[in-house]
Amino acid sequence: MIDYHTHHYRCGHASGSLRDMIEEAIAKGFQQIGLSDHSPLFFYEEDHFNPGMTMAKSEFPNYVAEVIRLRDEYEKRIDVRVGVESDFIEGWEDYYRSIYAQYPFDYIIGSVHYFGGYHVFDPKRWEDPSVDPDQIYREYFTLIKKSVDRCFFDILGHADAVKGLKYPASSDLTKEMDETIEAIAKSGVTVELNTSGVRKCGEVFPSPEFLYKLNKRGVTFTFGSDAHSPNELGYAWTETLHLLKELGVSELATFKNRERKMIEISAVSAVGK
Ligand SMILES: [Zn+2]
Ligand SMILES: [Zn+2]
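What you see is a predicted model, and the numbers here were worked out from it, not measured in a lab.

Asks: I would appreciate a short explanation of the overall build of the chain in the present structure.
Replies: A count of helical and extended segments in the chain gives nine helices and 11 strands. In terms of C-alpha radius of gyration, the chain reaches 18 Å, essentially the compact-globule figure of 19 Å for 273 residues. Taken along its principal axes, the extent of the C-alpha atoms in the chain is 55 × 45 × 30 Å. Taken over 273 residues, the chain has a buried fraction of 54%. A sequence separation of at least 24 residues applies to 75% of the contacts in the chain between residues at least 6 apart.

Asks: Quick question: what am I supposed to make of the coordination of the zinc ion (ligand 1) here?
Replies: Each pair of donors in an ideal four-coordinate tetrahedral metal site encloses 109.5 degrees, whereas pairs in an ideal six-coordinate octahedral site enclose 90 or 180 degrees. Bound to the zinc ion (ligand 1) are the protein donor atoms His13 (NE2), His38 (NE2) and His228 (NE2), situated 2.0 to 2.1 Å from the metal. If you list the donors of the zinc ion (ligand 1) from N- to C-terminus, the spacing comes out as H-x24-H-x189-H. Between the zinc ion (ligand 1) and the zinc ion (ligand 2) the interatomic distance comes to 5.7 Å. Taken together, the positions of His13 in the loop between strand E1 (2–3) and helix H1 (18–27) and His38 in the loop between strand E2 (32–35) and helix H2 (60–73) put the pair 25 residues apart, joining distant regions of the chain.

Asks: Would you take a moment to explain the coordination of the zinc ion (ligand 2) for this structure?
Replies: Looking at the metal site, the zinc ion (ligand 2) is ligated by Glu85 (OE), His113 (NE2) and His158 (NE2), spaced 2.1 to 2.2 Å from it. Read in sequence order, the donor residues coordinating the zinc ion (ligand 2) give the pattern E-x27-H-x44-H.

Asks: Even after reading the chapter, I still don't get the side chain of Thr190, so can you show me in this structure?
Replies: Along the polypeptide, Thr190 turns up in strand E8 (residues 190–194). For Thr190, a relative accessible area of 0% puts it in the buried group. A distance of 2.8 Å separates the side chain of Thr190 from the side chain of Arg260, its partner in a polar contact. Excluding residues that lie within four positions of it along the chain, Thr190 makes contacts with Asp154, Ile155, Leu156, Thr220, Phe221, Thr222, Ala253, Phe255 and Arg260.

Asks: Sorry if this is basic, but what is going on with helix H6 (residues 174–187) here?
Replies: Helical geometry: 3.6 residues make up each α-helical turn, so side chains three or four residues apart lie on a common side. End to end, H6 covers 20 Å across 14 residues, agreeing with the expected 20 Å (1.5 Å per residue, within 8%). Taken residue by residue, H6 has Glu176, Met177, Thr180, Ile181, Ala183, Ile184 and Ala185 as its buried positions. Where H6 is buried, its residues meet helix H5 (133–149), strand E7 (155–156), E8 and helix H8 (208–216). At the C-terminal side of H6, Gly188 shows a positive phi close to 80°.

Asks: What is the right way to read the packing of H6 against H8 from this model?
Replies: In helix packing, the relevant descriptors are the interaxial angle and the interaxial distance, both defined with respect to the helix axes. Packing of H6 against H8 leaves a shortest axis separation of 10 Å and a crossing angle of 45°. With respect to H8, the element H6 is oriented oblique. H8 is crossed by H6, and the crossing has right-handed handedness. Contacts between H6 and H8 pair Thr174, Met177, Asp178, Thr180, Ile181 and Ile184 from the former with Glu209, Phe210, Lys213 and Leu214 from the latter.

Asks: Sorry if this is basic, but what is going on with the sheet that holds strand E3 (residues 79–87) here?
Replies: Each strand in a sheet pairs with another by means of backbone hydrogen bonds, the pair being arranged parallel or else antiparallel. Overall, parallel pairing links the seven strands, which are arranged E1-E2-E3-E4-E7-E8-E9 in an open sheet. Each of the sheet's edge strands pairs with one partner strand only, and the pair in question is E1 and strand E9 (221–224). Pairing of E8 with E9 involves four bridges; the strand directions are parallel. Bridged to Asn194 within E9 is Gly224. In the packing of H1 onto the sheet, the strands contacted are E2 and E3, and the crossing angle to E2 comes to about 160°. Docked against the sheet, H2 engages E2 and E3, running at close to 160° with respect to E3.

So, how was this worked out
- Residues numbered from 1 in each chain as written.
- Chains lettered and ligands numbered in written order.
- Predicted model: local features only at pLDDT ≥ 70, side-chain atom pairs only at ≥ 80, totals over all residues.
- Heavy atoms only, no water.
- Helix = DSSP H or I, 4+ residues; strand = E, 2+ residues; numbered from the N terminus.
- Rg over C-alpha atoms; globule rule 2.2 N^0.38 Å.
- Buried < 20%, exposed > 50% of the residue type's maximum accessible area, 1.4 Å probe, protein only.
- Contact = heavy atoms within 4.5 Å.
- Donors = N, O, S within 2.8 Å, 3.2 Å for Na, K, Ca; no water.
- Polar contact = N/O pair within 3.5 Å; in protein donor to acceptor, adjacent residues only side chain to side chain.
- Expected span 1.5 Å × (residues − 1).
- Axes fitted to C-alpha atoms, helices over the stretch in contact; angles between N-to-C directions.
- Parallel < 35°, antiparallel > 145°, perpendicular 65-115°, else oblique.
- Left-handed = near helix turned anticlockwise from the far one by under 90°.
- Pairing = 2+ DSSP bridges.

Written out as structure tokens, the structure reads:
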């Protein structure tokens, strides 16, 4: 069992420490735990622009140092991988890349969190009566395409998170989805099965239909619960493995020193909900 997407108190909206997350992973029988807190908002001038969203820029070296310390301390009990969940901010790719190059990351998750002036999970975006849902979906998928085209990360985070607040598109967006899938396949990036989707809208990010098409295009997958507290670690692991089995997927991607290694999914054990 592996979980590559976890957060802790530093971001200001998650609970538990890095150590709590590792202890939980050991208790639940995980072989690997990836620590992947939110990247600071490097594109703001202020050191800590939004304390409820992510850590301060000046805190980033301390975060990475603590992950490395814990990785070494727990070496004999569990495999801890050093990660970060990075924002994708158009125009800032090279800057972000240059910052990450200074640290010994095992992997980087790239996620579109901000577009059109809102966070992806901010309900205010949808409350404006003049809003066109299709336009929001299009804008979001355009950014996903750009993010993988200019890929500085190893894993694409919650690939269809725009559906998370359950506002549907009003027309058929199959074409947009197919173009996004094509861009993902071309980029070679791994896609995570992110089970915060199950918590938010009853369906994994990305959707089974999306996953089916990605799999047909030879895209690799990994697992991330997007845990914001230790008890969410491994959330919906069993259901996710069943979904992968239905798709005929028998391997998950793991990362060390930013190199991908596929591992066989064999034992299915019940973890979380
Ligand atoms: Zn978060
Ligand atoms: Zn995220």
